[in-house]
Amino acid sequence: PRKGDDDERTRTNGGCATLVRPPVGIPRPRQRVLGFSVNALRDRALAEDCVQETFLRAWRARDSFDPAKGGERTWLFAIARNVIADALRARERLPRVSASGPPTGAGEPAAETPDPLTGLGLTEALARLPDEQREAIVAIHLTGYSYAEFSARCGVPVATLRTRVFYGLRAIRGHLDEPGGARA
């Protein structure tokens, strides 16, 4: 036997090594897809259902995975994005109950409701960034830290943080503008 044959994670089945036998505990791909789903749906129970459906669809379509087109993570997140979009559309078909009057129908979306696919695209774009860029963008633009505060907190020079944020935001804009992105 070759080195690594004992490790079931190194085996591939249609190119999906991480889907064959996950590591002990909650597998990392599941954690990431769950986080992506919870962030998009704001409903943990529905997000867990979407994660289950994502891995079921991935398992059924494992023969269609082509490593030349992209990595496993990209393929899995594309499936997750489709499942989440399906769940959001299904949720929109349900009548909404409001305290001020009768339930509103599915044909009457709330005026203040943002497009959920834009949020999905942004979440997906953030997930694609390297950890350093994502952490800097989240800290500076979402959490509200100043560059100086975050620099003191993480021990990275301010100039380096500005560079990480610049390139990270540029990558996010590129992802949102590409075909199939949220702004395309």
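All values reported here derive from a predicted model rather than from experimental measurement.

Evaluation of the coordinates by the stated rule reveals 7 salt bridges. For the salt bridge of Arg57 with Asp86, the shortest nitrogen-to-oxygen distance reads 3.1 Å. Highlighted residues: Arg57 in helix H3 (residues 44-60) and Asp86 in helix H4 (residues 72-93), separated in sequence by 29 residues. Judged by relative accessible area, Asp86 falls into the partly exposed class, the value being 32%. One network of salt bridges, with partners in common, ties together Glu53, Arg57, Asp86 and Arg89.

Assignment of secondary structure puts Ser146 in the loop between helix H6 (131-143) and helix H7 (147-154). In this structure Ser146 comes out as partly exposed when scored by relative accessible area, which is 31%. For Ser146 and Val158, which are 12 residues apart along the polypeptide, the C-alpha to C-alpha distance reads 9.6 Å.

Val33, Phe36, Leu41, Cys50, Ile84 and Leu120 are the most contacted members of the largest nonpolar core, which has 20 residues in total. For this core, the element with the highest residue contribution is H4, accounting for 9 residues. Apart from the residues within four sequence positions on either side, Val33 is in contact with Val51, Thr54, Phe55, Leu76, Phe77 and Ala80. In terms of nonpolar packing, the next biggest core, distinct from the first, is built from 14 residues, Ala125, Ala136, Val156 and Leu176 among them.

The next thing to look at is the side chain of Thr54. Considering the arrangement of structural elements, one finds Thr54 in helix H3. For Thr54, a relative accessible area of 0% corresponds to the buried category. Within polar-contact distance, the side chain of Thr54 engages the backbone oxygen of Cys50 at 2.7 Å. In this structure Thr54 touches Val33, Leu76, Ile79, Ala80 and Val83, once residues within four positions along its chain are discounted.

What follows is about the packing of H6 against helix H8 (residues 158-177). Where H6 meets H8, the closest approach of the two axes is 8 Å, and the angle between their N-to-C directions is 95 degrees. Comparing their axes, H8 and H6 come out roughly perpendicular. The segment H6 lies against H8, with Glu132, Gln133, Ala136, Ile137, Ile140 and His141 engaging Leu161, Arg164, Val165, Tyr167, Gly168, Leu169 and Ile172. Here the contact of H6 with H8 is composed, by residue class, of 8 nonpolar, 3 polar and 2 charged.

Quick look at the side chain of Thr123 now. Take Thr123: it is sitting in helix H5 (residues 116-128). A relative accessible area of 15% places Thr123 in the buried class. Excluding its chain neighbours within four sequence positions, the residues that come into contact with Thr123 are Phe36 and Asn39.

On to the packing of aromatic side chains, then. This structure, assessed with the given rule, holds 4 aromatic pairs. Sitting over the ring of Trp59, Arg62 keeps its end group 4.0 Å from the ring centre. One cation-aromatic arrangement involves Arg162 over Tyr147; the distance from NZ or CZ to the ring centre is 4.2 Å.

Cut-offs used in this document
- Residues numbered from 1 in each chain as written.
- Predicted model: local features only at pLDDT ≥ 70, side-chain atom pairs only at ≥ 80, totals over all residues.
- Heavy atoms only, no water.
- Salt bridge = Lys/Arg side-chain N within 4 Å of Asp/Glu carboxyl O.
- Helix = DSSP H or I, 4+ residues; strand = E, 2+ residues; numbered from the N terminus.
- Buried < 20%, exposed > 50% of the residue type's maximum accessible area, 1.4 Å probe, protein only.
- Core = buried A, V, L, I, M, F, W, Y, C linked by side-chain atoms within 4.5 Å.
- Contact = heavy atoms within 4.5 Å.
- Polar contact = N/O pair within 3.5 Å; in protein donor to acceptor, adjacent residues only side chain to side chain.
- Axes fitted to C-alpha atoms, helices over the stretch in contact; angles between N-to-C directions.
- Parallel < 35°, antiparallel > 145°, perpendicular 65-115°, else oblique.
- Nonpolar A, V, L, I, M, F, W, Y, C, P; charged D, E, K, R; others polar.
- Phe/Tyr/Trp six-rings, centres within 6.5 Å; stacked < 30°, edge-to-face > 60°.
- Lys NZ or Arg CZ within 6 Å of the ring centre and 35° of its normal.

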